[in-house]
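Fold and contact review
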Amino acid sequence: AVVSTQSTGDTRLLLKISRLLLCLGVYEKNLISISKLIFKLTRCENNDAIFLEEKIVHSLLNVINQQKIEDNGLAFVYCIGSLKVLSANTDNNIGEILVQYGVLQVLERHLTTCNASTEMNGEVKSNLLIQILGAFRNLCDIPTTEKLLTDTSVCEELQYTMTHHYNDSEVLLNSCRLLSRMSLFTEMCSVLSHNTDILNLLLKIIDNYTNDPQLLIRCAFVLGNITGQHSHAALHLHENGSIVESMLSLCKVYKGKLGEKTTKEKQSVTKDVLCKAVRVLTNVLQNEKVATSVTPQLIKMFISLGQIAAQAKIHEIAINVLCGLNNMSYYNKEGSLFVKHRGILTDFLIRLLAVDSTPITIETLGVLGNLTQYRDIAEKVAGDKHVLEIAATLLDSDNSDLVYKSCGILVNVTKFKDFHEKLPTKIIKQCLDVLCDVGMLDSELSTVTLYLLWNIFYLKEVKIEEDERSKLLSLLTDYTDHTYCSNENWIAQFHPVAKRLITLLDPNSDLLPL
């Protein structure tokens, strides 16, 4: 009946007949034929409403729940495949309805059954796993899914699936696609961070599937999400899985592909792999044990990849590289590789200041700010008129991050009397403008501006006009009046420096530089 009716193209009639036959009970080839037809009809989004109206989902779930998976593997592929296709449509609420029908629990149960089965045909089992994982992935977009997933054994079953189908790249890809969605959930990401077997598997895949960029992107994305939120996972991967070396090897392979003449699509994929890999490196470098044990190869890779990315205007990669260097710079203890390589790092950063990108400039100035704590780097920066001009010019920026980072560099440079002659003549006026514009709205920026003014006034190498001195005194007096601002942060951060600066403006002051 179904076969003879297909030519009519009447979807509703086909589904009515299919549901009737499923209710009556069909087996083997007939069940496969009907399941295949239903799967075909789900591929047209316009049919979604009819599926709900004809209650075909209930019939599919009845078949899935009542039949043995080992005896009807191929029919299960089409039945669960139908649920996967239906759940992918985000234009209506069919995904939410499927969750209400208990589809997540059904998928979990059959993922467990499929994993445990030793009787199923290998190819059918692989295809069925792909359909189950795909349906799970689509349903992760439903808001109520996070709590339901957290209460299931999906993580453990995924680990089993990936371990026992390690040589099946399609199963691995669909597993990692599901993990990508799951790692976006806060609670589930925490669960994954404690599953060391999955962490080890992801790193193993990255080491062994270097020619499968789509799989690499998903694995690195998951690791990036986990290591970005959970330092203990980063430390585990460092101590037990050599994550830095794995990501370095991956970057080396795909950095070489950036210059290849190929399609835009392949170039985009190459950039995506690099972006995700550098993000993982950046995250794990937040951990002190990782950051203080890096090799020269990592620093050299960051510099070369950062330069290539900046020149090719692949700003996301360049920013991730700079974020990684910034994380390393927090642990720039004397004798560390970061400190030892500060000269070539500074040359690289100075070149990046020429890139027309505000986010890149902000991150570049941040790393330079940490490096200019060293006299030789402050001297290098002061000796480059271009860098000081940029830093001074950015004091006039409307972007508070740019102003703050620029001010930080200038504070470090002005600690040394020798470099004051390099400062632009209008720098005091610029600092006054910052204080007038910002004031109590940004206590950190106002305070670091005072540090800069302190160094300039204390060392007395820059000529101060009387009107500038008077304006500053007036501002500081107003700003330290409790009627101006009684905010605790403002009083704790700004007041002590402001009061010392007021004292410094007295010629008899004997205070030391800040």
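What counts, and where the lines are drawn
Residues numbered from 1 in each chain as written. Predicted model: local features only at pLDDT ≥ 70, side-chain atom pairs only at ≥ 80, totals over all residues. Heavy atoms only, no water. Helix = DSSP H or I, 4+ residues; strand = E, 2+ residues; numbered from the N terminus. Contact = heavy atoms within 4.5 Å. Areas by Shrake-Rupley, 256 points an atom, 1.4 Å probe, with all protein chains shown as cover. Expected span 1.5 Å × (residues − 1). Buried < 20%, exposed > 50% of the residue type's maximum accessible area, 1.4 Å probe, protein only. Phe/Tyr/Trp six-rings, centres within 6.5 Å; stacked < 30°, edge-to-face > 60°. Polar contact = N/O pair within 3.5 Å; in protein donor to acceptor, adjacent residues only side chain to side chain. Axes fitted to C-alpha atoms, helices over the stretch in contact; angles between N-to-C directions. Parallel < 35°, antiparallel > 145°, perpendicular 65-115°, else oblique. Left-handed = near helix turned anticlockwise from the far one by under 90°. Nonpolar A, V, L, I, M, F, W, Y, C, P; charged D, E, K, R; others polar. Core = buried A, V, L, I, M, F, W, Y, C linked by side-chain atoms within 4.5 Å. pLDDT = per-residue confidence, 0-100. Salt bridge = Lys/Arg side-chain N within 4 Å of Asp/Glu carboxyl O.

Attention now moves to the overall build of the chain. Broken down by element type, the chain carries 31 helices and zero strands. Considering only contacts within the chain whose residues lie at least 6 apart along the sequence, 72% involve residues at least 24 apart. By element, 48% of the accessible surface of the chain is carried by carbon and sulfur atoms, the whole surface being about 23400 Å².

Between its first and last C-alpha atoms helix 28 (residues 427–438) spans 16 Å; for 12 residues at 1.5 Å apiece the expected length is 16 Å, and the two agree. Among the residues making up helix 28, those that are buried are I427, I428, Q430, C431, L432, V434, L435 and V438. Tucked inside the fold, the buried residues of helix 28 contact helix 26 (385–393), helix 27 (400–413), helix 29 (443–459), helix 30 (466–479) and helix 31 (488–504). Of the residues one or two after helix 28, G439 is the one with positive phi, at around 55°.

Glancing now at the packing of aromatic side chains. Within the structure shown, the criterion is met by seven aromatic pairs. On the numbers, 5.8 Å between centres and 75° between planes, the contact of Y166 with Y209 is edge-to-face. Of the two residues, Y166 is situated in the loop between helix 11 (154–164) and helix 12 (169–182) and Y209 in the loop between helix 14 (196–208) and helix 15 (213–229); the sequence distance between them amounts to 43 residues. An identical accessibility class is assigned to Y166 and Y209; each is buried. Counting every residue linked through ring pairs, the aromatic cluster contains Y479, Y484, W490 and F494.

Further remarks concern the side chain of S446. Within the secondary structure, S446 is located in helix 29. You can call S446 buried: its relative accessible area is 0%. At 2.7 Å, the side chain of S446 and the backbone oxygen of G439 are in polar contact.

Moving on to the packing of helix 6 (residues 73–87) against helix 9 (residues 122–139). When two helices pack together, their arrangement is given by the angle between their axes and by how far apart the axes lie. Relative orientation of the contacting elements helix 6 and helix 9 amounts to 20°, with a least axis distance of 8 Å. When the axes of helix 6 and helix 9 are compared, the pair comes out roughly parallel. As for the relative orientation of helix 6 and helix 9, their crossing is left-handed in sense. Taken together, the residues of helix 9 that come into contact with helix 6 (itself represented by G73, L74, F76, V77, I80, G81, K84 and S87) are V124, N127, L128, Q131, I132, G134, A135, N138 and L139. Broken down by class, the residue content of the contact of helix 6 with helix 9 amounts to nine nonpolar, seven polar and one charged.

Let's shift gears to the nonpolar core. By size, the foremost hydrophobic cluster in this structure holds 174 residues, and its most contacted members are M182 and M247. Apart from the residues lying within four places of it in its own chain, the contact partners of M182 are C140, L149, V154, C155, L158, M188, C189 and L192.

This next bit is on the environment of V294. Residue position: V294 is located in the loop between helix 19 (288–291) and helix 20 (296–311). Taking the C-alpha atoms as reference points, V294 and S336, separated by 42 residues in sequence, lie 9.0 Å from one another. If sequence neighbours within four positions are ignored, V294 has contacts with L285, M328 and L337.

What follows deals with the environment of L179. Inspection of the secondary structure assignment puts L179 in helix 12. Relative accessible area serves as the criterion here: at 0%, L179 is assigned to the buried category. Between the alpha carbons of L179 and I198 there is a distance of 9.7 Å; along the sequence they are 19 residues apart. Excluding residues that lie within four positions of it along the chain, L179 makes contacts with L158, M162, L192, I198, L202 and V222.

So, on to the confidence of the model for the chain. For the chain, per-residue confidence averages 87 on the pLDDT scale, and 90% of positions sit at 70 or higher. Averaged pLDDT values over the elements of the chain bottom out at 48 in helix 1 (residues 2–5) and peak at 97 in helix 15. Contacts from residues 1–8, a stretch scored under 50 in pLDDT, to residues over four places away or in other chains number 12 contacts. Counting contacts from residues 509–513, a segment whose pLDDT is below 50, to residues more than four positions away or on other chains yields 12 contacts.

Of note, T477 is situated in helix 30. When the C-alpha atoms of T477 and I502 are compared, they prove to be 8.0 Å apart, with 25 residues separating the residues in sequence.

Turning our eyes to something else, we now look at the packing of helix 5 (residues 56–66) against helix 8 (residues 103–116). In contact at an axis separation of 11 Å, helix 5 and helix 8 are set at 30° when each is read in the N-to-C sense. Classified by the angle their axes make, helix 5 and helix 8 are roughly parallel. Here the hand of the crossing between helix 5 and helix 8 comes out left-handed. Each of L61, I64 and N65 in helix 5 lies in contact with helix 8, whose residues at this interface are V103, V106, R109 and H110. Tallied by class, residues from the contact of helix 5 with helix 8 come to four nonpolar, two polar and one charged.

Over its 15 residues, helix 21 (residues 315–329) extends 21 Å from the first C-alpha to the last, a length consistent with the 21 Å expected when each residue adds 1.5 Å. Counting buried positions over the 15 residues of helix 21 gives 11, a clear majority of the element. For helix 21, the set of buried residues is I317, A318, N320, V321, L322, G324, L325, N326, N327, M328 and S329. Among the structural elements, helix 18 (264–284), helix 19, helix 20, helix 22 (337–340), helix 23 (342–352) and helix 24 (358–371) are those in contact with the buried residues of helix 21.

On to the pattern of salt bridges. Tallied over the entire structure, the rule returns eight salt bridges. With its nearest N and O atoms 3.0 Å apart, the salt bridge here joins R181 to D141. Residue R181 is located in helix 12, and its partner D141 is located in the loop between helix 9 and helix 10 (145–150); the two are separated by 40 residues in the primary sequence. Taking the relative accessible area as the measure of exposure, R181 reaches 27% and is therefore partly exposed. D418 is the partner of R375 in a salt bridge, and the nearest nitrogen-oxygen pair spans 2.6 Å. Residue R375 is located in helix 25 (residues 375–382), and its partner D418 is located in the loop between helix 27 and helix 28; the two are separated by 43 residues in the primary sequence.

We note that K313 has phi near 60°; this positive angle belongs to a residue other than glycine. Mapped onto the elements, K313 comes out in the loop between helix 20 and helix 21.

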